[in-house]
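# Coordinate inspection notes
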Amino acid sequence: MYIYDKPFYDICTMAKIKVKFRPSTIRGKRGLIYYYVSHRQDVRHITTPFRILPEEWDEERQDIVSGKKELEWVRHRIECDMGTLQKIVGELMQAQAAFSADDIVARFHEPERHVCLLSYFQEQIWAHTACNRLGTATNYRSAFSRLSSFLTGRSPLLSEVNTRFVEEYQDHLQQRGIARNSLSFHMRILRAVYNKAVRHGLIEQTFPFRNVYTGIDHTRKRAVSEDIITQMMRLNLEKHPSLAFARDMFLFSFFTRGMAFVDIVFLRKSNVQDGFIRYTRHKTGQQLTVRIESCMKAIIDRYAPFAENTPYLFPMLTQDDAKKSFAQYKSELRSYNNRLMQISRMLGLGDNISSYTSRHSWATAARNHNIPVSIISAGMGHTSERTTQIYLASIENTLVDNANKGLLDSFRL
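This is a predicted model, so every value here is computed, not measured.

With 14 residues, helix 3 (residues 117–130) should cover 20 Å at 1.5 Å per step; its first-to-last C-alpha distance of 20 Å lies within 8% of that length. Among the residues of helix 3, those classed as buried are Leu117, Leu118, Ser119, Tyr120, Phe121, Gln122, Gln124, Ile125, His128 and Thr129.

Structural data, given as C-alpha cells:
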C-alpha cells in the first residue's frame with residue numbers, strides 16, 4: 001500500500017495520499033485506479049488512466065496483485081506518481097504556509113510533475129517491444145537495469161536529468177569498472193530516451209550529456225586475413241556437420257559484404273528475388289540489396305532442403321512469432337559463436353573468431369583491394385563513413401607497420 005503520512009504544524013494536521021481502486025458497476029469490466037488525497041479534512045481524488053479487473057487488485061494490501069508481468073508497468077507508474085505526490089507535499093510543507101488538498105492536486109497536474117524518468121524509460125522499452133524491435137528493447141532493458149541500480153530506489157523526474165545527474169551517473173559507472181565502450185552504451189541509450197522526451201515536449205533541452213563520454217573507442221582488431229578465409233573454405237568438416245554449417249554461415253556473411261548474423265538468421269525466402277537478396281538491417285532499418293554470386297548460391301542451395309518447411313532461407317528458426325523467434329535467434333547466436341571458436345582453434349587462431357569477424361574481415365579485404373571507404377560504407381549498410389572508419393582503423397595501422405618494416409629492411413639492420 002502506498003501512503004504518505006507526515007504531521008504539519010501540529011500532530012492533528014497531516015496530509016495523506018493513498019492508492020484506491022473503484023470497481024466497475026458492470027460485471028466483468030475493468031475498474032478505475034485513483035489517488036486519494038486528504039489534507040486538513042479536505043479530500044480530493046486524482047483519476048488515473050489505469051484500468052484493471054477486480055481480481056487484479058489486492059484489497060487488503062491496497063495494491064496491484066503481484067506476479068502479473070503485464071501490470072508491472074502500471075505498478076511502476078503508480079510508484080512514480082506516489083513519489084511525485086510525496087515530493088509535492090514535502091515542498092509545500094517546507095514553504096511554511098498553509099496549503100490545501102487542491103494545492104497538492106494542482107501541482108501534481110503541472111506537465112513536468114508526473115513524468116518519471118524510469119517510467120518513461122520503461123515505456124520506451126515497451127514501445128520497441130511492441131514494434132518487434134526486440135534487439136533494441138533488449139539493449140534498453142540492460143541500460144534500464146543499470147540505471148535502476150544507480151538510483152537505488154529513487155524515482156527522479158525527467159526534469160531532474162541535468163548535467164550534474166548525468167556526470168554522477170558516469171562516475172558511478174566508472175567506479176564499478178565499466179569499460180569505456182560499455183559506459184558509452186549506457187549513456188547513449190539514456191541520451192536517446194532524454195532526447196525523445198524533449199521531442200515530445202515533456203522537458204526543455206538543456207544538453208546535459210555534453211560533458212560525458214558517448215563515443216566509441218577503437219576495439220581490438222577483429223578481422224582475419226584473406227589467407228585465413230581461404231583456409232576456412234578448404235577445411236574438411238565432413239565429420240562435423242554443425243561446424244560445417246557455422247563455417248558456411250561465416251562465409252555467407254563474408255560473401256554478402258559482411259551481412260550481420262541476425263540478418264542472416266531472419267532472411268526469408270521472399271527476400272531472394274531475381275538473383276538478388278533484398279533485406280532490411282535489424283540494427284538500423286536500412287534496406288540493402290546484394291547481388292547473388294555463385295559462391296553465395298552454392299551455400300543457399302546446400303541448405304535449401306533443410307529449410308523446406310519454413311519461410312526462412314536457412315534452417316535456424318522454427319518459430320514465426322516475433323518474441324519466440326528472437327529467443328531462438330539468441331540461442332543460435334550463442335551456438336554459432338561457440339562453433340566458430342572451435343573452428344578458430346582448428347586454424348591455430350585460439351579463440352579469435354566470432355560472429356563479428358566476417359563483417360570486419362570483409363571491410364579489411366575491401367580496403368586492402370583499394371575499394372574507397374564510401375563504397376565499403378554503403379556495402380556494409382553503415383549510416384555514416386565514421387562508423388566504417390572505426391572498423392578500418394586497425395587496417396591503417398597494419399599498413400603503416402608493414403611500410404615501416406619495408407623501410408627498415410632496406411637498411412639491412
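A few words on helix 8 (residues 241–255). For helix 8, with 15 residues, the first-to-last C-alpha span of 20 Å sits near the 21 Å given by 1.5 Å per residue. For helix 8, the tally of buried residues reaches 13 of 15 residues, placing the bulk of the element in the interior. In the stretch just after helix 8, Arg257 is the one whose phi turns positive, near 65 degrees.

Summarising the element assignment, Ser325 is placed in helix 11 (residues 322–346). Residue Ser325 is classed as buried on the basis of its relative accessible area of 3%. With residues near it in sequence (within four places) discarded, Ser325 still touches Phe266, Tyr312, Leu317 and Gln319.

As a further point, take the confidence of the model for the protein. Residue-level pLDDT values for the protein average 84, and 86% of them are 70 or greater. The element-level mean pLDDT for the protein is lowest in strand 1 (residues 3–8), coming to 38, with helix 8 highest at 96. Note on residues 1–13: pLDDT is under 50 here. Beyond four places in sequence and across chains, it has 42 contacts.

Time to look at the nonpolar core. One finds Met249, Phe252, Ile277 and Phe314 to be the most contacted residues of the largest nonpolar core, which totals 52 residues. With 10 residues, helix 8 is the largest single contributor of residues to this core. Beyond its immediate stretch of four places on either side in the chain, Met249 contacts Ile264, Ile299, Tyr303, Phe314, Met316 and Tyr336. Among the nonpolar cores identified, the runner-up in size contains 32 residues, and Val166, Leu173, Leu190 and Ile203 belong to it.

Further remarks concern the packing of aromatic side chains. According to the stated counting rule, one finds 15 aromatic pairs in the structure shown. Considering the side-chain rings of Phe245 and Tyr303, the 4.9 Å spacing of their centres and the 75 degrees angle between planes classify their relative orientation as edge-to-face. Separated by 58 residues along the polypeptide, Phe245 in helix 8 and Tyr303 in helix 10 (residues 294–303) bring together distant segments of the chain. Just as Phe245 is buried, Tyr303 falls in that class too.

A word on the side chain of His39. Counting through the fold element by element, His39 comes out in strand 3 (residues 31–39). Since its relative accessible area comes to 0%, His39 is described here as buried. Looking at His39, its side chain comes within polar contact range of the main-chain oxygen of Phe99, at 3.3 Å.

Where helix 4 (residues 134–151) meets helix 6 (residues 180–199), the axes come as close as 9 Å, and the angle between the chain directions of the two elements is 100 degrees. One finds that helix 4 runs roughly perpendicular with respect to helix 6. Across the interface between the two elements, Asn139, Tyr140, Ser142, Ala143, Arg146 and Leu147 of helix 4 pack against Phe185, His186, Ile189, Leu190, Ala192 and Val193 of helix 6.

Now for the sheet that holds strand 7 (residues 272–273). The strands that make up a sheet are held in pairs by hydrogen bonds between backbone atoms, and each pair lies either parallel or antiparallel. Taking strand neighbours across the sheet as the criterion, the 3 strands line up as 7-8-9 in an open arrangement whose pairing is antiparallel. Because the sheet does not close on itself, it has two edges, and the strands there are strand 7 and strand 9 (287–291). In the sheet, strand 8 (residues 276–280) pairs with strand 9 via 5 bridges, with the strands oriented antiparallel. The residue of strand 9 that forms the bridge with Ile277 is Val290.

According to the stated counting rule, one finds 12 salt bridges in the structure shown. The salt bridge involving Arg61 is made with Asp63; its shortest N-O contact spans 3.0 Å. Take Asp63: its relative accessible area is 5%, and that puts it in the buried class. Between Glu293 and Arg291 there is a salt bridge; the shortest N-O distance is 3.0 Å. Here Arg291 falls in the exposed class, since its relative accessible area comes to 54%.

What counts, and at which threshold
Sequence order sets the numbering: in each chain, residues are counted from 1 along the sequence as written. For a predicted model such as this one, the threshold for reporting local features is a pLDDT of at least 70, and the threshold for listing and counting side-chain atom pairs is 80 or more; totals across whole chains, interfaces and linings nevertheless cover every residue. Working from all heavy atoms in the structure, the side-chain values ignore hydrogens and water. Comment: elements are numbered from the N terminus, with helices defined as DSSP H or I runs of at least four residues and strands as E runs of at least two. Here the expected span of a helix is defined as 1.5 Å times the quantity of residues minus one. When accessible area is computed with a 1.4 Å probe and restricted to protein chains, residues below 20% of their type maximum are described as buried, those above 50% as exposed, and intermediate ones as partly exposed. Any two residues whose heavy atoms approach within 4.5 Å are treated as being in contact. The predictor attaches a confidence to each residue, and that confidence, scored 0 to 100, is pLDDT. The term nonpolar core refers to a set of buried residues drawn from Ala, Val, Leu, Ile, Met, Phe, Trp, Tyr and Cys, joined through side-chain atoms within 4.5 Å. Only the six-membered ring of Trp is used, alongside the rings of Phe and Tyr, when aromatic pairs are assigned; centres must lie within 6.5 Å, and planes under 30 degrees apart are stacked while those over 60 apart are edge-to-face, with the rest tilted. Residues adjacent in sequence count toward polar contacts only when both atoms are side-chain atoms; beyond that, a polar contact is any pair of N or O atoms within 3.5 Å, and within protein one must be able to donate a hydrogen and the other to accept it. Here the axes come from fitting lines to C-alpha atoms, over the contacting stretch only for helices, and the angles between their N-to-C directions go from 0 to 180 degrees. By the definition adopted for this analysis, an angle is roughly parallel if under 35 degrees, roughly antiparallel if over 145, roughly perpendicular if from 65 to 115, and oblique otherwise. Here, a strand pair is defined by DSSP locating no fewer than two bridges between the strands. By convention in these notes, a salt bridge is any Lys or Arg side-chain nitrogen within 4 Å of a carboxyl oxygen on Asp or Glu.

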